[in-house]
Amino acid sequence: MITLIVFLVTLLVGLPIFITLLLGTLVFLDQADLVILLSSLPIQLYGSLNQNGLLAIPLFMLVGELMNKGGLTTRLMSAADVFVGGFRGGLAYVNLMTNAMAASILGSATAQISVMSRLMIPTMVEKGYKKEFAAAVTMSGGLLGPIIPPSMLMIIYGVVAYQPISALFIAGILPGILIISGFALVIFLTGLVKGLPAGEHLEHKNVRKELINGLLPGSIPITIIVCIILGIMTPTEAGAIASIMSFIIGAVIYKSIKLSDLPGIFGSVAVNTATITGLIAVASVFGWALSFEGVPDMLVGHISNVTSSPLLFLLLVYLLVILLGMFLESISVMIVIVPIILPAALTYGIDPIHFGVVISLATLIGLVTPPVGPGLYIAMTAANLPMGTLFKAMIPFLFSMFLCMFLIAVFPALSLYLPSLMSK
């Protein structure tokens, strides 16, 4: 209880999450009469970071930074418009399709919502769409980033849960397609009920050239996924190849990345990587301390007294992670909760790959829900809308997301079918 109080107080004070976790660990060791373990902390901190899988984090971050600097989203939007811009409500579908394609490259929901908000919301409003609807579509599309491979959340889950990152990448494909389809259905029904502007293609100077330039970045995730499925590369090696491809596309083909831009790009990647790996190290130590005292086993015992149903257990995990995600950043939730909850999931016979997809989806909800919701605040600022108006417009998309999450929990094959094919 004292550990929990310290954890909550330090969070409310506004201390960084890794300091909160470290203080919580020290207090827990003191309260559990495990001070003797303090001498092992440096070894545990080092051991938690001594994993090859962590190298994939800066490499895929570098891919996102390079393609973002290279003007990825504008070109993707032009390519998407060629395909779906002519439908009624075409720009909403363009927004969604652009997000889906960008998600497989950027891999970060907040970065994606930030970029797409500046690009798509003004364009949609200019074409006659309501501002809150444009912002809601943009936020919804941003949720695809952490689930469509390559996904940063999947990498972190793989490292924390000691699961193969390649299988986690592949496991996110079908759930990603399901969620995209659900969002597209919401746009279609909105068009039927409320009416959306008629389809109108954006102006294209050279359709063939813009299509090629727009789809060229799509070769990056395709290369990653195909090479991983065929066993040609590990995720870390795929990240290195993708970084080289991103630089060539941005610097040589698009000519939008200069050598003088590289120090800033590398600096941003280094800072973000240090933040995430610091969280992983401290959270691993926290999980190690809890495991030493048998907290996960006690948790399993309490949960088994509540329910023996794996489905109900997953729904409870959804609820817990969504509540935590309303106050903590998604990566922090993932790092803190997985070492504690995963042992319980295994006792219910839940596949750890399927559980990774489930918990990744649950962490996304907090990105677009009050009171913290970084994605919500980004879209609010870009659209200049009050929170209540924007969240109300987001409700149909959240309902679709919850329905997809329920289907994925009920039918594990949605997560496990493609990884099972890869293992054969």
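Residues numbered from 1 in each chain as written. Predicted model: local features only at pLDDT ≥ 70, side-chain atom pairs only at ≥ 80, totals over all residues. Heavy atoms only, no water.

K.L.:
What's the story with the layout of surface pockets in this structure? I'm lost.
P.N.:
Unfilled space is identified by rolling a water-sized probe across the atoms. Size it by volume and the largest pocket reaches roughly 890 Å³. Taken together, 30 residues line the largest pocket, and the ones lying closest to its centre are Leu4, Phe7, Phe286, Leu324 and Val336. If you list the elements that add at least two residues to the lining of the largest pocket, you get helix H1 (2-13), helix H2 (17-31), helix H15 (262-292), helix H16 (295-306), helix H17 (310-325) and helix H18 (330-347). With six residues, H1 is the single largest residue contributor to the lining of the largest pocket. Looking at side-chain class alone, the lining of the largest pocket contains 24 nonpolar, five polar and one charged residues. (1 Å grid on protein atoms, 1.4 Å probe; cavity = no way out; pocket = protein on both sides within 12 Å on 5 of 7 lines; lining within 4 Å. Points joined across faces, edges and corners; volume = space filled by probe spheres on them. Helix = DSSP H or I, 4+ residues; strand = E, 2+ residues; numbered from the N terminus. Nonpolar A, V, L, I, M, F, W, Y, C, P; charged D, E, K, R; others polar.)

K.L.:
I keep staring at the packing of aromatic side chains and nothing clicks. Help me out?
P.N.:
Each aromatic ring pair is summarised here by two numbers: the centre-to-centre distance and the angle between the ring planes. For the structure on display, the rule yields five aromatic pairs. The interplanar angle of 10 degrees and the centroid separation of 6.5 Å between the aromatic rings of Tyr129 and Phe133 together place this pair among those described as stacked. Pair check on accessibility: Tyr129 and Phe133 agree, each one buried. (Phe/Tyr/Trp six-rings, centres within 6.5 Å; stacked < 30°, edge-to-face > 60°. Buried < 20%, exposed > 50% of the residue type's maximum accessible area, 1.4 Å probe, protein only.)

K.L.:
Help me understand unusual backbone geometry in this model?
P.N.:
The general pattern is negative phi for most residues beyond glycine and trans for most peptide bonds. Positioned with a positive phi, Lys255 is a non-glycine residue whose angle comes to about 55 degrees. Within the secondary structure layout, Lys255 lies in the loop between helix H14 (235-253) and H15. Overall, Lys255 belongs to the exposed group, its relative accessible area being 65%. In the Ramachandran plot, Asn384 falls in the positive-phi region, its phi being about 55 degrees despite a non-glycine side chain. Within the secondary structure layout, Asn384 lies in the loop between helix H20 (374-383) and helix H21 (387-410). The exposed category is assigned to Asn384, whose relative accessible area is 65%.

K.L.:
Can you walk me through H20 in this structure?
P.N.:
Every α-helix carries 3.6 residues per turn, so stepping three or four residues along brings you back to the same face. Within H20, burial applies to Gly375, Leu376, Ala379, Met380 and Ala383. The buried residues of H20 occupy an angular sector of 135 degrees when projected down its axis, which confines them to one face. Check the buried side of H20 and you find it contacts helix H7 (109-126), helix H8 (131-142) and H21. Asn384 sits one or two positions beyond H20 and adopts a positive phi of about 55 degrees. (Arc of directions from axis to C-beta. Contact = heavy atoms within 4.5 Å.)

K.L.:
Help me understand empty space enclosed by the protein, please; the structure alone is not making it clear to me.
P.N.:
Counted according to the given criterion, the structure contains one cavity of 30 Å³ or more. Estimated volume of the largest cavity: approximately 30 Å³. As for the largest cavity, its lining consists of Gly325, Leu328, Glu329, Ser330, Thr363, Gly366, Leu367 and Pro374.

K.L.:
Would you mind going over the nonpolar core with me for this structure?
P.N.:
For soluble globular proteins, nonpolar side chains are generally found buried alongside one another. Formed by 139 residues in total, the largest nonpolar core has its most connected members in Ile156, Phe313, Phe355 and Leu361. It is H15 that contributes the most residues to this core, 13 residues altogether. Discounting chain neighbours no more than four positions away, the residues touching Ile156 are Ile57, Ile276, Ile280, Ile331, Met334 and Ile335. (Core = buried A, V, L, I, M, F, W, Y, C linked by side-chain atoms within 4.5 Å.)

K.L.:
What is the right way to read the packing of H17 against H18 from this model?
P.N.:
Axes are the key here: two packed helices are described by the angle between their axes and the distance separating the axes. One way to put it is that H17 packs onto H18 with a least axis distance of 11 Å and a crossing angle of 165 degrees. Here H17 lies roughly antiparallel to H18, going by the angle between them. Handedness of the H17/H18 crossing: right-handed. The segment H17 lies against H18, with Phe313, Val317, Leu320, Val321, Leu324 and Gly325 engaging Val333, Ile337, Ile341, Ala344 and Ala345. The residue makeup of the contact of H17 with H18, split by class, is ten nonpolar, one polar and no charged. (Axes fitted to C-alpha atoms, helices over the stretch in contact; angles between N-to-C directions. Parallel < 35°, antiparallel > 145°, perpendicular 65-115°, else oblique. Left-handed = near helix turned anticlockwise from the far one by under 90°.)

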